[in-house]
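Residue strings, one per chain:
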Amino acid sequence: MERSRVLLDCDPGIDDALAILLACASPEIDLIGVTTVGGNALVEHETRNALAVLELAGATHVPVAQGCARGLIKDLTPAADTHGPSGLGYAELPAPRTQPLAQHAVDFLIATLLAAPGEITLVATGPLTNVALAVRREPRIVHAVQRCIIMGGAFRHEGNMPLRGEYNVWCDPHAARIVFHSGLPITLVPLDVTYRCLFREADMQRIAAQANARSPIVRFIADATRFYIAYHKSAQNIEGCAINDALAMALVFTPDLVTTEALYVDVETGDGPAHAATCADFWRLTGRPPNMRVALDVDAERFMRLFVARMIALADA
Ligand code: RIB
Ligand code: CA
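So, a few notes on the structure that sits alongside this text.

Cut-offs and rules
- Residues numbered from 1 in each chain as written.
- Chains lettered and ligands numbered in written order.
- Predicted model: local features only at pLDDT ≥ 70, side-chain atom pairs only at ≥ 80, totals over all residues.
- Heavy atoms only, no water.
- Pairing = 2+ DSSP bridges.
- Helix = DSSP H or I, 4+ residues; strand = E, 2+ residues; numbered from the N terminus.
- Axes fitted to C-alpha atoms, helices over the stretch in contact; angles between N-to-C directions.
- Contact = heavy atoms within 4.5 Å.
- Near = heavy atom within 4 Å.
- Polar contact = N/O pair within 3.5 Å; in protein donor to acceptor, adjacent residues only side chain to side chain.
- Areas by Shrake-Rupley, 256 points an atom, 1.4 Å probe, with all protein chains shown as cover.
- 1 Å grid on protein atoms, 1.4 Å probe; cavity = no way out; pocket = protein on both sides within 12 Å on 5 of 7 lines; lining within 4 Å.
- Sits in = over half its atoms within 2 Å of the grid points.
- Nonpolar A, V, L, I, M, F, W, Y, C, P; charged D, E, K, R; others polar.
- Donors = N, O, S within 2.8 Å, 3.2 Å for Na, K, Ca; no water.
- Buried < 20%, exposed > 50% of the residue type's maximum accessible area, 1.4 Å probe, protein only.
- Salt bridge = Lys/Arg side-chain N within 4 Å of Asp/Glu carboxyl O.
- Points joined across faces, edges and corners; volume = space filled by probe spheres on them.

What to know about the sheet that holds strand E6 (residues 186–189)
Consideration 1: Overall, mixed pairing links the eight strands, which are arranged E3-E2-E1-E4-E5-E6-E12-E9 in an open sheet. The open sheet is flanked by strand E3 (64–66) and strand E9 (258–263), the only strands paired with a single partner. The sheet shows a mean angle of 25° between the axes of neighbouring strands, taken without regard to direction.
Consideration 2: With five bridges connecting them, strand E1 (residues 4–10) and strand E4 (residues 120–124) associate as parallel partners. Residue Arg-5 lies in a different strand from E4, and its bridge partner there is Ile-120.
Consideration 3: With respect to the sheet, helix H4 (residues 105–115) is in contact with E1, strand E2 (29–36), E3, E4 and strand E5 (145–151), its orientation differing from that of E2 by roughly 150°.

Following this line, the structure appears as C-alpha cells:
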C-alpha cells in the first residue's frame, strides 16, 4: 500500500484531536509532523494537547512544532465554549512525556516540505497563520506540496462566527487570503460538508460496545465529544457534533468521500457584516481562473462508518 506522508497544522481542539487519532489509526497515512497554531485554545495548550493525543495513540515518534500564537492582524479568539478551557472538552490526559521541537512551526513546515518536494500532503485544520507565513517566507513550498487539504470556509452554509464566517478563516482572514491566492494545490473542506458529518451519542455507544472498554482512547473520545455534543446542542440546537477536521484528514486517503468543484474563492477582510466570509465565483462572473477545489457534497454516512471503524481499531490496537 502506498502511504501518504502527511503534515498536519492544527489547533487541538476536539475535532483536531480526532483528526490526529484518525491519522494514527489509518495505515494509509504516515503522519510525519504536527504543527500548532493559536485558535481553539492558547497555542501552548494546543501543543501540549497534540503531544498528549499522539502519546495516547502510541505515536510519540511524530514530531510536534509550535507555531504562531495569534493571527497576522487579529488577536486570538479562543473557542473555550466549544472545546473547553483545555481545548479537549472534559477529557483529561496525562502530561505528555515528550517535548515539542525547538524549531518554530513555520520553519519546520518549510524545511520538511522542501526536503521532500512533491511527496507531502499538508492538512490544515486551524487558522492559516502558520501556512501563510510559510508561503511568504519560502514561496518555493507552493510547488513542493503534493496536496493541501484545508478545513475552512462556508458557502451555502450560514457559518459559525459572526456574521458569515467560519472559525478558522474568521480567526485570521488575512492569512486565509494569502493562502487562497498562493497557488497551493488546495482542496477546501467547508462547513457545507463538515456539518453533515455529525458524531452522535449512538456512534460513541457503537465504539464503546465494540472496542476494548478499558481503552483510554475510548474514554478520551467519550469525554471529549460529550463536551462537544453539549456545545452543539446548546449553541446550534444540533444533535451530535461536527467532526470537521476528521473529515479533512479522511480525504487524504478517501478523496471520493466528497464531490469537489474547481472555483475561484476570495475572503472578505473588511470589518463589515460579511467579515471573513468566503466567497466563491459559482457562476464564473469574475473571469478569474479557479484557485482551488471546494468540497460541496459528501457521503456523510460512509465517512461516519469509516471514522467509527477506525476508532474501534485504534482502541483495540
Ligand atoms: O469551524 C470549525 C473549525 O474551527 C474546526 O477546525 C475547529 O477545530 C475550529 O478550529
Ligand atoms: Ca481545528
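Details of the site of ligand 1
Consideration 1: Among the 14 residues in the neighbourhood of ligand 1, the closest are listed as Asp-15, Asn-160, Glu-166, Asn-168 and Asp-245.
Consideration 2: In this structure, Asn-160 approaches ligand 1 through a side-chain N or O atom, which is 2.9 Å from an oxygen atom.
Consideration 3: A distance of 2.6 Å separates an oxygen atom of ligand 1 from a polar atom in the side chain of Glu-166.
Consideration 4: In the complex, 97% of the free accessible area of ligand 1, which totals 270 Å², lies under the protein chains.
Consideration 5: Assessed atom by atom at 2 Å from the grid points, ligand 1 resides in the largest pocket.
Consideration 6: For the shell around ligand 1, the secondary structure elements donating two or more residues are helix H1 (14–25), helix H7 (167–171) and helix H12 (244–250).
Consideration 7: In the shell around ligand 1, the residues fall into three nonpolar, six polar and five charged.

A short note on the coordination of the calcium ion (ligand 2)
Consideration 1: Around the calcium ion (ligand 2), the protein contributes the donor atoms Asp-11 (OD), Asp-16 (OD), Asp-16 (OD), Thr-125 (O) and Asp-245 (OD), which lie 2.2 to 2.6 Å from the metal centre.
Consideration 2: Sequence spacing of the donors to the calcium ion (ligand 2): D-x4-D-x108-T-x119-D. Of this pair, Asp-11 sits in the loop between E1 and H1 while Asp-245 is found in helix H12, placing the two residues 234 residues apart along the sequence.
Consideration 3: Assessed through its relative accessible area of 2%, Asp-245 is described here as buried.

What to know about the pattern of salt bridges
Consideration 1: All told, the structure shown has 15 salt bridges when counted by the stated rule.
Consideration 2: With its nearest N and O atoms 2.8 Å apart, the salt bridge here joins Arg-5 to Glu-119. Of this pair, Arg-5 sits in strand E1 while Glu-119 sits in the loop between H4 and E4; the two residues are 114 residues apart in sequence, bridging distant segments of the chain.
Consideration 3: One salt bridge connects Arg-97 with Glu-55, and the closest N-O pair in it is separated by 3.4 Å. Residue Arg-97 is found in the loop between helix H3 (80–83) and H4, and its partner Glu-55 is found in helix H2 (residues 43–56); the two are separated by 42 residues along the sequence.
Consideration 4: Residue classification places Arg-97 among the exposed positions, given a relative accessible area of 73%.

Description of the environment of Gln-146
Consideration 1: Mapped onto the secondary structure, Gln-146 falls in strand E5.
Consideration 2: Separated by 146 residues in the primary sequence, Gln-146 and Met-292 place their C-alpha atoms 14 Å from one another.
Consideration 3: Those residues in contact with Gln-146 that lie beyond four places of it in its chain are Gly-118, Glu-119, Ile-120, Thr-121 and Pro-185.
Consideration 4: At a separation of 3.1 Å, a polar atom in the side chain of Gln-146 contacts the main-chain carbonyl oxygen of Gly-118.

Points about unusual backbone geometry
Consideration 1: Geometrically, the link from Pro-12 to Gly-13 is a cis peptide bond, its omega value of -15° lying close to zero.
Consideration 2: Phi at Ala-276 is positive, roughly 75°, even though this residue is not glycine.
Consideration 3: Checked against the element boundaries, Ala-276 lands in the loop between strand E10 (265–267) and strand E11 (278–280).

A short note on the side chain of Glu-55
Consideration 1: Classification of Glu-55 by relative accessible area gives buried; the value is 18%.
Consideration 2: In this structure Glu-55 touches Thr-60, Pro-96, Arg-97 and Thr-98, once residues within four positions along its chain are discounted.

Focus: empty space enclosed by the protein
Over the atoms rolls a probe the size of a water molecule, and in doing so it shows where empty space is left.
Consideration 1: In total, this model carries one cavity of 30 Å³ or more according to the counting rule given.
Consideration 2: In this structure, the largest cavity occupies an estimated 40 Å³ of space.
Consideration 3: Taken together, Gly-38, Arg-70, Gly-71, Asp-75, Leu-76, Thr-77, Pro-127, Thr-129, Cys-171 and Asp-172 make up the full set of residues lining the largest cavity.
Consideration 4: Here the residues of the lining of the largest cavity are counted per class, giving three nonpolar, four polar and three charged.

Any functional reading would require information beyond the geometric quantities listed.
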